[in-house]
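# Close look at the chain arrangement
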Amino acid sequence: MMIIMKSHATPQQVEHVIEHVRAVGLAVHLSQGIEATIIGAIGETHNLPTELFETLEGVDMVQRITQPYKLASRQFHPENSVFPLAGSAIGGEEIAIMAGPCSVESRSQIIETAHAVKEAGASALRGGVFKPRTSPYAFQGLGEEGLEYLAEAREQTGLPIVVEIMSQVQLDVMVKYVDVLQVGARNMQNFNLLRAIGETKTSVLLKRGLSATIEELLMSAEYILSGGNKQVMLCERGIRTFETATRNTTDINAIPVLKNLTHLPIILDPSHATGHADYVAAIARAGIAAGADGLIVEVHMDPAHAVSDGKQSLKPEAFAKMVKQVGQIAQIMDRRLASVRFPVKQ
Ligand code: PEP
Ligand code: MN
C-alpha cells in the first residue's frame, strides 16, 4: 500500500503516519522524491481498509500496489533508481559496460584482460571464480585465489569487479572483495541466497533464470530489496525457447517491459543470450536501442583456449568495435557510456 503525502505535509505529519503504519504491524519504506513523499506500507495489506490512513493529516491519497512485488515496482517508486558504480550513475543517463572473461583462469589472464577491456571503454570488470558448470567434472573456478587476482586487476585499472556468488557459504569472502555480487540464472530462485544478499550492502546484478518469467525475476528482486539492500540491477541473459540456432533467445521485449514495471536498472548480457561471438555485437546494439542501462559482455584474449564460454567470448578488438557502436546508439538515446572515476574498493 502506498500512502502519498500532500506536497506541503510537515515532517511531523509524515512521522505520525509512519507510527500508524508500524502500529498495525506493517514495515515502512519511505521514499522522499522531488515531487512527493511516499510512505510504503509493506506486508499483508489486502484486508486493511485504505481509510485507516486516508484520514490522517497530511495524507493526499492511499493507493494499493496491484503487483505482487512492491519495492521493485515503478508504481511504488516512479523515478528510476540510479545505481552508483565506481563514481558513475547507472540507470540515469549513464550506461555501464561490464566486460571480462567467463572465468578467471590465472593472474596474468585477468590482469591483461582488465587492461584490454578498460582501454576499449569498459566501466567494470567481470570474471567468475565460482562457476556454475553443467558438468561436475568441468573447471569449477579458482575460488578466493581468483578474487585476489581480480582485486589486483581493479587496483591497476580502477575497474570495479562483478563476480558471481553461488552460495551463502561464499558470502563473507565475496563481500570482502567484490563491488557487485552477480546472482546467476541458475540461482535466481535460491531464496535463501537472495535473503542473505539482501542483508548486505553490496550491489547486486540479478540475472533472469533460464525459464523464468519477468514477474518471477521481479519477485526475486523483491527478496533482496525487502532485506534492505536497494542496490539491485536486473539482467536479461536470454531464455530457453524451442530455438536451437542460438544458446538462448534474447527476450528483447523484456527490456522495455521491465523499464515500465520497475525502477531498477536493466542490464543485458548478449553473450549468454546468444552463445555465439558473431551475434554478440548485434544484440548489444539492439539492447541499448531498446533502453537497457548497461551490458555485461564476455571478453577473452584467446577465446579458442578459454576454459569456459570461449565460443561466445569476444576478442578485445571486436569488443572495442562493439563499444564504439553502442556509444553512438547511446547518444541517439540521449545517454552516454559510463567512465570509471574511482574504484569502489581497494
Ligand atoms: C556467467 O555470467 O558466466 C553465467 C554463468 O551466466 P548465467 O548465470 O546467465 O548463465
Ligand atoms: Mn559464462
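My aim in this report is to walk through the structure given alongside it, one point at a time.

Conventions used here
- Residues numbered from 1 in each chain as written.
- Chains lettered and ligands numbered in written order.
- Predicted model: local features only at pLDDT ≥ 70, side-chain atom pairs only at ≥ 80, totals over all residues.
- Heavy atoms only, no water.
- Buried < 20%, exposed > 50% of the residue type's maximum accessible area, 1.4 Å probe, protein only.
- Helix = DSSP H or I, 4+ residues; strand = E, 2+ residues; numbered from the N terminus.
- Pairing = 2+ DSSP bridges.
- Right-handed = clockwise from strand over helix to strand, strands pointing away.
- Salt bridge = Lys/Arg side-chain N within 4 Å of Asp/Glu carboxyl O.
- Core = buried A, V, L, I, M, F, W, Y, C linked by side-chain atoms within 4.5 Å.
- Domains from an automatic or database assignment.
- Contact = heavy atoms within 4.5 Å.
- Phe/Tyr/Trp six-rings, centres within 6.5 Å; stacked < 30°, edge-to-face > 60°.
- Donors = N, O, S within 2.8 Å, 3.2 Å for Na, K, Ca; no water.
- Axes fitted to C-alpha atoms, helices over the stretch in contact; angles between N-to-C directions.
- Expected span 1.5 Å × (residues − 1).
- 1 Å grid on protein atoms, 1.4 Å probe; cavity = no way out; pocket = protein on both sides within 12 Å on 5 of 7 lines; lining within 4 Å.
- Points joined across faces, edges and corners; volume = space filled by probe spheres on them.
- Nonpolar A, V, L, I, M, F, W, Y, C, P; charged D, E, K, R; others polar.
- Disulfide = S-S within 2.5 Å.

Moving on to the pairing of strand β11 (residues 203-207). The two faces of a sheet get side chains in turn, since along a regular strand they alternate between them. The element β11 is largely enclosed, with a buried count of five among its five residues. Burial of β11 is two-sided: the residues Ser203, Leu205 and Lys207 facing one way and the residues Val204 and Leu206 facing the other way are all buried. For strand β10 (residues 180-183) and β11, the ladder comprises four bridges, and the chain directions are parallel. Note that in β11 the partner of Gln182 across the bridge is Leu205. A crossover links β10 with its parallel partner β11, the connecting element being helix α6 (residues 191-198), and its sense is right-handed. Where β11 lies against strand β12 (residues 232-236), four bridges are found, and the strand directions are parallel. Looking at β12, one finds that Val204 is bridged to Val232. Crossover handedness for the path β11 to helix α7 (residues 214-226) to β12: right-handed.

What follows is about the pattern of salt bridges. Here the structure, examined in full by the defined rule, presents twelve salt bridges. Between Glu298 and Arg126 there is a salt bridge; the shortest N-O distance is 3.4 Å. Here Glu298, found in strand β14 (residues 294-298), pairs with Arg126, found in strand β8 (residues 124-126); they are 172 residues apart in sequence, far enough to count as distant. Taking the relative accessible area as the measure of exposure, Glu298 reaches 1% and is therefore buried. Residues joined in a network through salt bridges with shared partners are Glu93, Glu94 and Arg336.

In terms of nonpolar packing, the biggest core is built from 74 residues, with Leu206, Leu234, Phe319 and Met322 touching the most fellow members. Looking at which domains feed residues into this core, each of domain 1 (2-63) and domain 2 (83-337) supplies at least three. Excluding residues that lie within four positions of it along the chain, Met322 makes contacts with Val280, Ala281, Ala284, Leu295, Val297 and Leu314.

Applying the stated criterion to the full structure yields one aromatic pair. When the centroid spacing of 4.5 Å and the interplanar angle of 25 degrees are considered together, the rings of Phe191 and Tyr223 count as stacked. Residue Phe191 is located in helix α6, and its partner Tyr223 is located in helix α7; the two are separated by 32 residues in the primary sequence. Overall, Phe191 belongs to the partly exposed group, its relative accessible area being 33%.

Once that is clear, we can look at the coordination of the manganese ion (ligand 2). Ligation of the manganese ion (ligand 2) by protein atoms is provided by Cys102 (SG), His272 (NE2), Glu298 (OE) and Asp309 (OD), these donors lying 2.0 to 2.4 Å from the ion. For the manganese ion (ligand 2), all donor residues lie on one chain, and their spacing in sequence is C-x169-H-x25-E-x10-D. In this pair, His272 sits in helix α9 (residues 270-274) while Glu298 sits in strand β14, placing the two residues 26 residues apart along the sequence. Each of the two residues, His272 as well as Glu298, counts as buried.

Bringing the pairing of strand β9 (residues 161-165) into the picture now. With respect to burial, β9 is a largely interior element, five of its five residues being buried. Every second residue of β9 is oriented toward a common face, with Ile161, Val163 and Ile165 on one face and Val162 and Glu164 on the other, all of them buried. In this sheet, β9 lies alongside β8 in parallel orientation, the contact comprising two bridges. When the bridges of β9 are listed, Arg126 appears paired with Val162. Handedness of the crossover joining β8 and β9 through helix α4 (residues 144-157) is recorded here as right-handed. Here four bridges tie β9 to β10, and the two strands are oriented parallel to one another. Note that in β10 the partner of Val163 across the bridge is Leu181.

Our next topic: the sheet that holds strand β4 (residues 59-63). Spatially, four strands are ordered β2-β3-β1-β4 in an open sheet, and the strand pairing comes out antiparallel. A single partner strand is all that each edge strand has here, and the edge strands are β2 (27-32) and β4. The average undirected angle you get between the axes of adjacent strands in this sheet is 20 degrees. Bridge count between strand β1 (residues 2-5) and β4: four bridges; the pairing is antiparallel. Within the sheet, the bridge partner assigned to Met5 lies in β4 and is Val59.

This next bit is on α4. Taking 1.5 Å per residue as the helical rise, α4 with its 14 residues ought to reach 20 Å, and the 20 Å between its terminal C-alpha atoms agrees with that figure. Of the residues making up α4, those classed as buried are Gly146, Leu147, Tyr149, Leu150, Ala151, Ala153, Arg154 and Thr157. Close packing links the buried residues of α4 with α3 (107-120), β8, β9 and α5 (171-177). The positive-phi residue at the C-terminal boundary of α4 is Gly158, with phi of around 80 degrees.

Right, let's talk about the layout of surface pockets for a bit. Roughly 370 Å³ of internal volume is contained in the largest pocket. In terms of lining residues, the largest pocket is bounded by 21 residues, among which Pro132, Arg186, Arg247, His272 and Asp309 are the most central. Residues that form the lining of the largest pocket fall into these classes: four nonpolar, six polar and eleven charged.

So, about the state of the cysteines. Covalently bonding the sulfur atom of one cysteine to the sulfur atom of another cysteine gives a disulfide. Tallied over the full model, the rule gives zero disulfides. Between Cys235, a cysteine without a disulfide, and Cys102, which holds the nearest cysteine sulfur, the sulfur-to-sulfur distance is 13 Å. Residue classification places Cys235 among the buried residues on the basis of a relative accessible area of 0%.

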